[in-house]
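# A closer look at the structure
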Amino acid sequence: MRIDVVTLFPDFIRQSAELGVVGRAGERGLMQVACWNPRDYATDNYRRVDDRPFGGGPGMLMLIDPLRACLAAARQAAPEPAPVIYLSPQGERLTQRKVRQLAALPRLILLCGRYEGIDERLVASEVDEELSVGDYVLSGGELGAAIVIDAVGRLQEGALHHAESATQDSFEDGLLDCPHYTRPVEHELGTVPEVLRSGDHAAIARWRRQQALGRTWLRRPDLLARISLSKADQALLEAFRRDWLA
Ligand SMILES: NC(=O)c1ccc(NCc2ccccc2)nc1
C-alpha cells in the first residue's frame with residue numbers, strides 16, 4: 001500500500017511512519033509513505049500557503065493553489081488511483097470498520113489541514129472523503145493522518161508477527177477487548193483468573209467472549225446496540241449481567 005501525505009510538517013509524518021509496526025511494514029515493502037509540502041508549491045515570493053478568511057473571524061485558512069498543485073504532484077507520483085481523504089473535525093468518524101476498508105486499498109492520499117482549515121472550493125473539487133479521528137479540534141490534521149497510517153499499516157499482511165495478529169483485535173467484532181494477564185500467576189495485585197490457566201481452550205474462549213460482551217455492556221452500550229448477538233452471546237451476557245448485579 002502507498003500513502004501520500006500532503007502536509008506542512010513532513011518531518012512529523014516521516015518520523016511517526018518510521019516507528020514500530022508501521023516502520024517495519026515500511027522496511028518489508030508492505031507500505032510506502034511519501035510526504036508532500038504545499039509550501040514547495042507556493043508561487044509567490046513569500047511562499048504563502050494561508051490567508052485571512054472572507055467574512056472575518058479568527059485564524060487563517062489554507063489557500064487553494066499551493067494545495068492544488070501539491071495534490072497534483074502527489075497524485076502523479078504513482079499510477080494507482082487514490083481517494084483524497086481530508087482529516088477534519090467535520091468528517092465521518094473513523095472506526096475499525098473504516099480502517100479495514102482503507103487498508104484494503106492500493107493507495108491513499110491524506111490531506112492535512114492547518115490553521116482553521118482549507119478553502120471550501122478545494123474541498124469540493126479535490127476531496128473524496130472527510131475523516132475525523134474524534135470529536136475535538138487539533139492544531140492540524142497530521143495527528144489524524146498518523147493515526148490512519150498506524151491503524152492501516154498494522155493491518156497490512158505481514159506487518160504484525162502472528163502473535164500480534166490483528167484478527168483478535170478489540171473492535172474487530174464490534175466489541176471491546178477482554179482483560180489480559182501474564183506472569184506471575186500470584187501477585188500482591190491479585191491472581192490470574194483460574195480459567196486462563198486451565199488449558200481448556202473452549203472454556204478460555206467462552207470466558208474471553210463473556211468478558212468482552214460484559215465490558216462492552218458496562219462501558220460502551222452504544223457499541224452493543226449496533227450488533228446482533230447470537231443466542232450463545234446473549235446467554236453469556238445474561239450470565240455476566242446476573243453475576244454483576246448479584
Ligand atoms: N478530529 C479530527 O480528526 C481533526 C482533524 C483536523 C484538525 N485540525 C486541522 C483542521 C481544523 C479545522 C478544519 C480542518 C482541519 N483537528 C481535528
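What comes next concerns the included structure. None of these values were measured; they are calculated from a predicted model. (Residues numbered from 1 in each chain as written. Predicted model: local features only at pLDDT ≥ 70, side-chain atom pairs only at ≥ 80, totals over all residues. Heavy atoms only, no water.)

## As for the pattern of salt bridges
This structure, assessed with the given rule, holds 17 salt bridges. Note that D173 and R209 form a salt bridge whose closest N and O atoms lie 2.8 Å from each other. With D173 in the loop between α6 (142–153) and β8 (186–187) and R209 in helix α7 (residues 201–219), this residue pair connects regions lying 36 residues apart in the sequence. Here the salt bridges do not stand alone but share partners, grouping R2, D4 and R107 into one network. (Salt bridge = Lys/Arg side-chain N within 4 Å of Asp/Glu carboxyl O. Helix = DSSP H or I, 4+ residues; strand = E, 2+ residues; numbered from the N terminus.)

## Here we look at the site of the ligand
Among the 16 residues in the neighbourhood of the ligand, the closest are listed as Y86, V133, G134, Y136 and L138. Between the ligand and S132 there is a distance of 3.3 Å, counted from a nitrogen atom to a side-chain nitrogen or oxygen. When the ligand is considered free in solution it has 410 Å² of accessible area, and contact with the protein chains removes 95% of it. It is strand β5 (residues 84–93) that contributes the most residues to the shell around the ligand, four residues altogether. In terms of residue class, the shell around the ligand is built from eight nonpolar, seven polar and one charged. (Near = heavy atom within 4 Å. Polar contact = N/O pair within 3.5 Å; in protein donor to acceptor, adjacent residues only side chain to side chain. Areas by Shrake-Rupley, 256 points an atom, 1.4 Å probe, with all protein chains shown as cover. Nonpolar A, V, L, I, M, F, W, Y, C, P; charged D, E, K, R; others polar.)

The values are spatial; any link to function lies outside them.
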